[in-house]
Amino acid sequence: MLRILSRSTSRGIVRVTQCTSTAMTQPPPGKMFSLQASLPRLPVPPLEQTLNKYLKSVRPLLSDEEFKTTEQIVQDFSRNPGPKLQKLLEYKANQEENWLSDWWMKTAYLEFRSPVPVNVSPGIVFPRQSYRDKEGQLRFASKLIAGVLDFKVMIDTQNLPVEHMGKKPLCMTQYYKILSACRTPGKKCDSWACYPPNESNAPKHIIVAHNNQFFSLDVYGADGRPLSEAQIYRQLKSLVQESAQVATPVGLLTTENRSTWAKAYSELVNDQENSASLRKINHSICLVCLDNNLPQDMSDERSVAAQQMLHGGGDSLNSGNRWFDKTIQFVVGREGISGLTYEHTSAEGPPVVMLLDHVVKYCSENHSPGSDTPAPATPTKLTFNLSKNIKEMIDTARTHLDVLVDDVDLNVFVFKDYGKNFPKSQKMSPDSFLQNAIQLAYYRIHNEPAPHYETGTLRMFHLGRTDTIRSCSEASLEFCKAFVNSNTPKERKVELLRNAVQAHKSYTNEVIQGNGIDRHLLGLKLAAIKNGMNVPDLHMDMAYTLSTHFRMSTSQVPAHSDSVLVFGPVVPDGYGVCYNPQETQVHFGVSAFNITPETNSKNYINMLRNTLLEMRDLFQGSMQSKL
Ligand code: COA
């Protein structure tokens, strides 16, 4: 039986705000959800297991003395209040579909106050397209929209096949949200609303942004079928003509700190016309941003494209031509540059990448554009009455965003010497091999191990999102130390690398089976707070703060297309590293902040490239190599 996923209002909108505690849509049973009911519930791991693993994970980051203090704190916690908090969590897990999902949505997203571009929303660069002029841009955008609608049909009719990890089916609910949800700002906590495809008010329009202006475009004809590419093109052409002038960038408000944006939003929404425009945007399928400006320096075009997807390039380029609250914004730029950015509350990267792979493939195929008749209803321009106060807020947002954009140091590169094939040929997990390369490159630059986050999926569980794979381990540190020591024999380095890869793989397997430690520790802390207790000493301990100050924030987001995902670091002195490993190459996106001169994405990339080559060299002459 399908579990009840959430309360839904009578108008078919699923909302999450600070007042409500449920987060998910209630999909009807269908092929895409045929295995949903069989998915297990996310377990609460045993307390002792988590505490032991936690101690192991902080060991490489602490001195002997610091470790002793932490051991004592953990021991005390295991007596009190650990068991009480564990019971509270287990009770929650018995009552709810997923004990973590609503807490996670709020803690990780809705209560997080920093601007969503760079800090929350990743960008994805698509493979370079061949168009070079405005006409080509519009033709490509039409095709892209047709491709999105083609994918959406599979979601709406629940014809997407259930994804699996090995033999285990994965939770498919994220697909129901990526093309029907939006976040809106709140003073202390944002709201999130989803208009699922099975409801009568499911969105039938997209928003197109051009020259900072927004248009609502109905993408279904009177017969209920998606418009043809030719019909869409006709619409785009007309709205581009109607928006020849650059408008005041009201969209820049969505790049603000969330509480600041909430203040502006509450004023904006008081005006009827604004309120109608905001409703149209929030309730749309997605945005398509037709960008104009490219920076002067295009010497590293792919990295420029990555910046355009991550934050739009600042006020002078395309950041005002966005609405960052919307779950997915496709970007169709000049000179064949395209991609997307997505607001993270609704989903992780993999479902979004599934959609983009479909769209990229669709755009590369020879589909007939169809007929441009009957002429669809003309696009509606969304208008805003901007008070003096709001205009000042837009000016402030402009300044804040430009500071943020200047701070981001972002570069992408393709490592072409090998891909998953090499670690596989050595009987090692490619992901664990790459994670150790990422950790080692950091160690070689900074002479110390980095607290290291990798996203591990929890989608094997009903409504599962993610947990942390702590990639820095005693084994990885031992390998790093041995690697930089010129006296270590090659065979010993290989042995230690294999140990480190195995340690990472084991940790990964534990995480994806629901036995990670970070969400459990978060749950114990929140259980204390929600029940009026003090935040436990364990969570106030330096070891906890240090080990969650993730100077390496990393994620694997594989794609069939030559796409690369990028995101910002999660701490000012850290790096964000995302990679798309393919069989014979790996696409990397690397970010840092300029405010910390010790972290530099180009330096890191050079070190990572050398490290990957040197790690392969360790195996040269090995009988096992099948490359
Ligand atoms: N010898 C040979 N081959 C091996 C191997 C070994 N010892 N170990 C693994 N492989 C193979 C696998 O069979 C697999 O083969 P395939 O390419 O034919 O599918 C391939 O190597 C990849 O496996 P691996 O590198 O171990 O990783 P994974 O694909 O299992 O992914 C995670 C690991 C952690 C990335 C994944 O579990 C996960 O959680 N992904 C979600 C991340 C996410 O949500 N990101 C988005 C954040 S916004």
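Reading the values: the criteria
Along each chain, residue indices are assigned from 1 in the same order as the chain's sequence is written. Given that this is a predicted model, residues contribute local features only at a pLDDT of at least 70 and side-chain atom pairs are listed and counted only at 80 or more, while totals for whole chains, interfaces and linings are drawn from all residues. To get the side-chain values, take all heavy atoms of the structure and skip hydrogens and water. Each helix corresponds to a stretch of at least 4 residues labelled H or I by DSSP, and each strand to a stretch of at least 2 residues labelled E; elements are numbered beginning at the N terminus. What the globule rule says is 2.2 Å times the number of residues to the power 0.38, and the radius of gyration is computed from C-alpha atoms. Residues are treated as being in contact if the distance between any of their heavy atoms lies within 4.5 Å. Given the number of residues in a helix, its expected span is that number minus one, multiplied by 1.5 Å. Note on exposure labels: buried denotes an accessible area under 20% of the residue type's maximum, exposed denotes more than 50%, and partly exposed covers the range between, all computed with a 1.4 Å probe on protein chains only. Pairs of strands are assigned from DSSP output, requiring at least two bridges between the strands. Axis definition: a line fit to C-alpha positions, over the contact stretch in the case of helices; interaxial angles, taken between N-to-C directions, run 0 to 180 degrees. How far each domain reaches was decided by an automatic or database domain assignment. Accessible area that two parts lose when put together, with a 1.4 Å probe and added across both, is what the buried area reports. Every definition here rests on a 1 Å grid over the protein atoms only: cavities are sets of points where a 1.4 Å probe fits but cannot get out, pockets are open sets enclosed by protein on both sides within 12 Å along at least five of seven lines, and lining residues have some atom within 4 Å of a point. Grid points are joined across faces, edges and corners, and a volume is the space filled by probe spheres set on the points. Gly is put with the polar residues, along with every residue not named as nonpolar or charged; the nonpolar set is Ala, Val, Leu, Ile, Met, Phe, Trp, Tyr, Cys and Pro, and the charged set is Asp, Glu, Lys and Arg. For this analysis, a nonpolar core means a set of buried residues of the types Ala, Val, Leu, Ile, Met, Phe, Trp, Tyr and Cys, connected via side-chain atoms within 4.5 Å. Summary of the distance rule: residues count as near a molecule or strand when at least one heavy atom falls within 4 Å of that molecule or strand. N or O atoms closer than or at 3.5 Å make up a polar contact, with two conditions inside protein: a donor-capable atom paired with an acceptor-capable one, and, for residues adjacent in sequence, both atoms drawn from side chains. For the area figures, the Shrake-Rupley method with a 1.4 Å probe applies, and any residue is considered shielded solely by the protein chains shown. Put simply, a salt bridge is a Lys or Arg side-chain nitrogen that is within 4 Å of an Asp or Glu carboxyl oxygen.

A.B. asks: An account of the overall build of the protein chain is needed here, citing residue identities and associated values.
C.D. replies: Summing up its helical and strand segments, the protein chain has 20 helices and 19 strands in all. For the protein chain, the C-alpha radius of gyration of 24 Å lies close to 25 Å, the compact-globule estimate for 627 residues. Dimensions of the protein chain, computed from C-alpha atoms along their principal axes, come out at roughly 70 × 55 × 50 Å. Across the protein chain, contacts joining residues at least 24 apart in sequence account for 75% of those joining residues at least 6 apart.

A.B. asks: Hey, could you go over helix 7 (residues 229-242) for me, with residue numbers and the actual values?
C.D. replies: Taking 1.5 Å as the rise per residue, helix 7 with 14 residues should run 20 Å; its terminal C-alpha atoms sit 20 Å apart, in good agreement. Among the residues making up helix 7, those that are buried are Glu229, Ala230, Gln231, Ile232, Tyr233, Gln235, Leu236, Leu239 and Val240. Contacts from the buried residues of helix 7 go to helix 6 (134-156), strand 7 (205-210), strand 8 (213-218) and strand 9 (287-290).

A.B. asks: Lay out the sheet that holds strand 8 in plain terms, naming residues and giving numbers.
C.D. replies: In spatial order, the strands read 12-8-7-9-10-11-2-17; together these 8 strands make up an open sheet with mixed pairing. Whereas interior strands pair on both sides, the edge strands pair on one side only; in this sheet they are strand 12 (380-382) and strand 17 (564-566). On average, each strand axis in the sheet is inclined to that of its neighbour by 25°, with strand direction left out of account. Alignment of strand 7 against strand 8, held across 6 bridges, turns out to be antiparallel. In the strand pairing of strand 8, His205 is matched with Asp218. Across the sheet, helix 6 is in contact with strand 7, strand 9, strand 10 (328-332) and strand 11 (338-342); its angle to strand 10 comes to roughly 150°. The strands touched by helix 7 are strand 7, strand 8, strand 9 and strand 12; relative to strand 8, the strand with the most contacts, the crossing angle is about 155°.

A.B. asks: For the domain arrangement of the protein chain, give the residues involved together with the corresponding values.
C.D. replies: Structurally, the protein chain comprises domain 1 (126-409) and domain 2 (416-515 + 549-617). Computed over C-alpha atoms only, the centres of domain 1 and domain 2 are separated by 31 Å. Tallying the contact residues gives 32 residues for domain 1 and 31 residues for domain 2. Between domain 1 and domain 2, a total of about 2,300 Å² is buried, with carbon and sulfur atoms accounting for 55% of that surface.

A.B. asks: How would you explain empty space enclosed by the protein if you had to name every residue and give the values?
C.D. replies: Rolling a probe over the atoms, with the probe sized like a water molecule, indicates the empty space that remains. Under the definition given, this model contains 4 cavities of 30 Å³ or more. Its boundaries defined by the atoms lining it, the largest cavity holds a volume of some 50 Å³. Taken together, Leu42, Pro43, Pro45, Trp99, Leu458, Asp467, Gly514, Gly516, Arg519 and His520 make up the full set of residues lining the largest cavity. Of the residues contributing to the lining of the largest cavity, the split by class is 5 nonpolar, 3 polar and 2 charged.

A.B. asks: I'd like a rundown of the nonpolar core, residues and numbers included.
C.D. replies: Counting 57 residues, the largest nonpolar core has Leu144, Ile328 and Phe330 as its most contacted members. For this core, the elements supplying multiple residues, two or more each, are helix 6, strand 7, strand 8, helix 7, strand 9, strand 10, strand 11 and helix 11 (349-364). Counting contributing residues per domain, this core is built from domain 1 (126-409) and domain 2 (416-515 + 549-617), each supplying no fewer than three. What Ile328 contacts, discounting residues up to four positions off in sequence, is Ile178, Leu179, Cys286, Leu287, Leu340, Thr341, Tyr342, Val352 and Leu355. By size, the runner-up hydrophobic cluster in this structure holds 42 residues, among which are Val44, Val116, Leu524 and Ala527.

A.B. asks: Can you explain the site of the ligand? Please cite residues and give values.
C.D. replies: Around the ligand there are 23 residues in total, and Lys424, Ser429, Asp431, Thr457 and Lys505 lie nearest to it. At 3.3 Å, a backbone N or O of Pro430 approaches an oxygen atom of the ligand. Separating an oxygen atom of the ligand from a backbone N or O atom of Asp431 is a distance of 2.7 Å. In isolation the ligand offers 980 Å² of accessible surface; the protein chains occlude 68% of this area. Counting only elements with at least two residues in the shell around the ligand, the list comes to helix 11, helix 14 (430-446), strand 14 (452-457), helix 16 (490-515) and strand 16 (552-556). The dominant element in the shell around the ligand, judged by the number of residues it contributes, is strand 14, at 4 residues. Among the residues making up the shell around the ligand, the classes are represented as 8 nonpolar, 9 polar and 6 charged. Two domains each donate at least three residues to the shell around the ligand, and these are domain 1 (126-409) and domain 2 (416-515 + 549-617).

A.B. asks: I'd like a description of the environment of Thr457, backed by residues and values.
C.D. replies: The topology assignment puts Thr457 in strand 14. Spatially, the C-alpha atoms of Thr457 and Arg113 are 24 Å apart, while their sequence positions differ by 344 residues. Thr457 has contacts with Met165, Arg465 and Ile512, leaving out every residue within four places of it along the chain. A distance of 3.1 Å separates a polar atom in the side chain of Thr457 from the backbone nitrogen of Arg459.

A.B. asks: Requested: an account of the pattern of salt bridges, with residues and values cited.
C.D. replies: Summed over all chains, the structure comprises 30 salt bridges. A salt bridge links Asp64 to Arg59, with the nearest nitrogen and oxygen atoms 2.5 Å apart. The exposure class assigned to Asp64 is exposed, which follows from its relative accessible area of 58%. The partner of Arg139 in a salt bridge is Glu135, with the nearest N and O atoms 3.0 Å apart. A residue pair is termed a helical-turn pair when its members lie 3 or 4 positions apart in one helix, as Arg139 and Glu135 do in helix 6 at 4 residues. Exposure remark for Arg139: the relative accessible area of 44% places this residue in the partly exposed category. Residues joined in a network through salt bridges with shared partners are Arg113, Arg183, Asp190, Arg258, Asp325 and Glu343.

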